[in-house]
Amino acid sequence: MSAGATGAPPRVAVIGANGHGRWHRRVIAPLHEAGRLRLVALVDVRPIEPEPAAALPADAAVFTDHAEMLAAAKPDVVVVCTPPHTHLPIARDVLAAGADVLLEKPPVLSMAEHRLLAAALAETGRACQVGFQALGSAALAELTAAVAAGRLGTVTGIATVAAWQRSDGYYARAPWAGRRTLDGRPVLDGALANPLAHAVMQCLAVAEAVTGAPVRPATIELERYRVRPIEVDDTAALRVVPRAGPPIVAAVTLAGEDFVAGKVLVTGSAGRAVLEYPTDRLLLPGDDAPREVPGRRGLLENLLAHRADPAGTPLIAPLARTAPFTAVLEAVQAAPEPTLLGGDLVTATGRGPDRVLTVRGVNAALRAAAASAALLSELGVPWAVPPVRTELAREGAAEAGPVPGH
């Protein structure tokens, strides 16, 4: 019998309780204190790191094996915050044990894995929320409502630009950091797949508002670059051409000259909107200046509400909504190794784990790409390379391997 049926608060566990799992523990702590859930277990292969803002309840158990935890603790909801290549097997175990899952992004690494997880959801009747927390933004909701209402006219393009910096220490944070594969399995760390995945997903959410349905990519064009001997991109330009709706361009870097938090630009026949998604600042046609639109619906709270009222409270980030993002990841995974940038183009500052590498002129190039819905190679950027172009089948899986760009 479920917790909801007995009136007791849902039993919650976290698999992958260290690292970013500590953020989830901080989200859980006030809900536990308020009696809205009961934290019953943490799981990690390493000793549990203390989190001052989220003390472990006295009766919560600690495990190193998730299967043992599922059998002993019998949770109703499980947060999975483990390396991406472990998501599918762990999530399937959670669903088979009768629990709902909050699965960190990226949920899976291929459309084949997406279909396997969707089948497990259908078979068990459980729910899966994916950890794209920015989708709960009130600013995004206002932007998509404006798009759907026609305030921008006919939307002709959607783009995102972001410029962050990551140090050498960032790439030493975990065995899978900066890796394309680990122990023979795809990992797919990198700017597009991990820290700036939210930027891509925000664009896909806006495109969904244009057509009223999740994006169905027809073509994915991709340019990937790196400034270190890593296996994944730290700078990238991506263009998704959907079967219906406007093209989507992402121009991002972890080697930026100055910080651009992450902007989504929506261009229409009646004007342009700009959403700075990390800060929830929004500029709509007719506004004099960007304004903060406060409010975010938490994904865990939304999942709990959905459990209590599935028909009346839809999930913010159900697995099905993330299928276009997974199609993009699949194209990234199949693409050749990123082009290594160096020489006078790259500047180093700091030492040891704090060393940061930046690409000269990258911010201006990325801003131009986002503003014109173009790839870097189309703008004449001297260090740009031709894109890899992938054609996708109707369901989102690639019909053939990557094809070098024109």
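Structure: above.
Just so it is clear, the model here is predicted, and its values are computed rather than measured.

### Brief notes about the overall build of the chain
Inference 1: Looking only at helices and strands, one finds 10 helices and 21 strands in the chain.
Inference 2: In terms of C-alpha radius of gyration, the chain reaches 21 Å, essentially the compact-globule figure of 22 Å for 406 residues.
Inference 3: Dimensions along the principal axes, computed over C-alpha positions, put the chain at roughly 65 × 50 × 45 Å.
Inference 4: Buried residues in the chain amount to 55% of all 406 residues.
Inference 5: Taking the intrachain contacts of the chain between residues at least 6 apart in sequence as the baseline, contacts between residues at least 24 apart amount to 69%.
Inference 6: With an accessible surface of roughly 16,200 Å², the chain has 55% of that area assigned to carbon and sulfur atoms.
Inference 7: The distance from the centre of the 38 positive side-chain charges to the centre of the 40 negative ones in the chain is 1 Å.

### Here's the deal with the packing of aromatic side chains
Inference 1: Going through the model one piece at a time under the given rule, you end up with 3 aromatic pairs.
Inference 2: Pairing Tyr170 with Tyr171 gives two aromatic rings, centres 5.0 Å apart and planes at 90°, and the pair type is edge-to-face.
Inference 3: The exposure class of Tyr170 is buried, given its relative accessible area of 16%.
Inference 4: When its relative accessible area of 13% is taken as the criterion, Tyr171 is described as buried.
Inference 5: Judged by centre distance (5.1 Å) and plane angle (90°), the ring pair of Tyr225 and Trp383 falls under edge-to-face. One end of the pair, Tyr225, is in strand 10 (residues 217-226); the other, Trp383, is in the loop between helix 10 (362-372) and strand 20 (388-391), with 158 residues separating them in the sequence.
Inference 6: Classification of Tyr225 by relative accessible area gives buried; the value is 0%.
Inference 7: By relative accessible area, which is 13% here, Trp383 ends up buried.
Inference 8: Positioned above the aromatic ring of Tyr170, the side-chain terminus of Arg173 is 3.9 Å from the ring centre.

### What about the packing of helix 4 (residues 87-96) against helix 5 (residues 111-124)?
Inference 1: For the pair helix 4 and helix 5, the least separation of the axes is 10 Å and the interaxial angle reads 5°. In terms of axis orientation, helix 4 runs roughly parallel to helix 5. Across the interface between the two elements, Leu88, Ala91, Arg92, Leu95 and Ala96 from helix 4 touch Glu113, Leu116, Leu117, Ala120, Leu121 and Thr124 from helix 5.
Inference 2: In the contact of helix 4 with helix 5, the residues fall into 8 nonpolar, 1 polar and 2 charged.

### Here we look at the sheet that holds strand 6 (residues 128-130)
Inference 1: Taken in spatial order, the 6 strands of this open sheet run 3-2-1-4-5-6, and their pairing is parallel. Looking along the sheet, the strands with just one partner apiece sit at the ends: strand 3 (61-63) and strand 6. For this sheet, the mean angle separating the axes of adjacent strands, direction not counted, is 20°.
Inference 2: Inspection of the sheet shows strand 1 (residues 11-15) paired to strand 4 (residues 77-80) by 4 bridges, in the parallel sense. Bridge assignment links Ala13 to a residue of strand 4, and that residue is Val78.

### Section: the layout of surface pockets
Inference 1: Volume-wise, the largest pocket comes out at about 1,200 Å³.
Inference 2: Around the largest pocket, the lining comprises 41 residues; the ones closest to its centre are His20, Cys81, Thr82, Pro83 and Trp176.
Inference 3: Taken together, the residues of the lining of the largest pocket break down into 18 nonpolar, 14 polar and 9 charged.

### Details of the state of the cysteines
Put plainly, two cysteines are in a disulfide when a covalent bond ties their sulfur atoms together.
Inference 1: Applying the stated criterion across every chain yields a total of 0 disulfides.
Inference 2: No disulfide involves Cys128; its nearest neighbouring cysteine sulfur is the one of Cys81, lying 14 Å away.
Inference 3: For Cys128, a relative accessible area of 3% puts it in the buried group.

### Concerning the environment of Gly245
Inference 1: One can find Gly245 in the loop between strand 11 (235-242) and strand 12 (248-253).
Inference 2: When the C-alpha atoms of Gly245 and Gly157 are compared, they prove to be 8.7 Å apart, with 88 residues separating the residues in sequence.

### Quick word on the pairing of strand 13 (residues 255-268)
Inference 1: When strand 7 (residues 155-165) meets strand 13, the two strands line up antiparallel, connected through 8 bridges. If you follow Ile158 over to strand 13, its bridge partner there is Val266.
Inference 2: In this structure, strand 13 lies alongside strand 14 (residues 271-276), joined through 6 bridges in antiparallel fashion. Residue pairing for strand 14: Thr267 is matched across the bridge by Arg272.

### Quick word on the pattern of salt bridges
Inference 1: This structure, assessed with the given rule, holds 24 salt bridges.
Inference 2: Between Glu231 and Arg179 there is a salt bridge; the shortest N-O distance is 3.4 Å. With a gap of 52 residues between them, Glu231 in the loop between strand 10 and strand 11 and Arg179 in the loop between strand 7 and strand 8 (181-182) connect regions that are remote in the sequence.
Inference 3: Residue classification places Glu231 among the partly exposed positions, given a relative accessible area of 27%.
Inference 4: Residue Arg296 is joined to Asp280 by a salt bridge in which the shortest nitrogen-to-oxygen separation is 2.9 Å. Of this pair, Arg296 sits in the loop between strand 16 (291-292) and helix 8 (299-308) while Asp280 sits in the loop between strand 14 and strand 15 (281-283), and the two are 16 residues apart along the sequence.
Inference 5: With a relative accessible area of 37%, Arg296 lands in the partly exposed category.
Inference 6: Given a relative accessible area of 8%, Asp280 falls into the buried group.
Inference 7: One network of salt bridges, with partners in common, ties together Arg22, Arg26, Arg46, Glu49 and Glu51.

Procedures and definitions
All chains use their own residue numbering, which begins from 1 and follows the written sequence. Thresholds applied to this predicted model are a pLDDT of at least 70 for local features of residues and 80 or more for the giving and counting of side-chain atom pairs; totals over whole chains, interfaces and linings are not thresholded and use all residues. For side-chain calculations, the full set of non-hydrogen atoms in the structure is used, while hydrogens and water are omitted. The numbering of helices and of strands both runs from the N terminus, where a helix is a DSSP run of H or I of at least 4 residues and a strand a run of E of at least 2. Atoms counted for the radius of gyration: C-alpha only. Globule rule: 2.2 Å times residue count to the power 0.38. Partly exposed residues are those whose accessible area sits between 20% and 50% of the maximum for their type, while under 20% is buried and over 50% is exposed, using a 1.4 Å probe and protein chains only. Contact criterion: two residues are considered in contact whenever any of their non-hydrogen atoms come within 4.5 Å of each other. With residues, only the protein chains shown are counted as cover, and all accessible areas are computed by Shrake-Rupley using a 1.4 Å probe. In this charge count, Lys and Arg are treated as positive and Asp and Glu as negative; neither His nor the chain ends contribute. Where a charge lies is defined by one atom per residue type: Lys uses NZ, Arg uses CZ, Asp uses CG and Glu uses CD. Any Phe, Tyr or Trp ring, taking Trp's six-membered ring, that has another such ring centre within 6.5 Å forms a pair; planes under 30 degrees apart are called stacked, those over 60 apart edge-to-face, and the others tilted. Think of it as a cone above the ring: NZ of Lys or CZ of Arg counts as a charge over the ring if it is within 6 Å of the ring centre and within 35 degrees of the ring normal. Axes, fitted as lines to C-alpha atoms, cover a helix only where it is in contact. Angles between the N-to-C directions of the axes lie from 0 to 180 degrees. Angle categories: roughly parallel below 35 degrees, roughly antiparallel above 145, roughly perpendicular from 65 to 115, and oblique for all the rest. Asp, Glu, Lys and Arg are counted as charged, while Ala, Val, Leu, Ile, Met, Phe, Trp, Tyr, Cys and Pro are counted as nonpolar; the rest, among them Gly, fall into the polar class. Two strands qualify as a pair provided DSSP detects at least 2 bridges between them. We place a 1 Å grid over just the protein atoms. Points where a 1.4 Å probe fits but has no way out form a cavity, open points with protein on both sides within 12 Å along at least 5 of 7 lines form a pocket, and any residue with an atom within 4 Å of a point lines it. Grid points are joined across faces, edges and corners, and a volume is the space filled by probe spheres set on the points. Only a pair of cysteine sulfur atoms within 2.5 Å counts as a disulfide in this structure description. For salt bridges, the criterion is a side-chain nitrogen of Lys or Arg within 4 Å of an Asp or Glu carboxyl oxygen.

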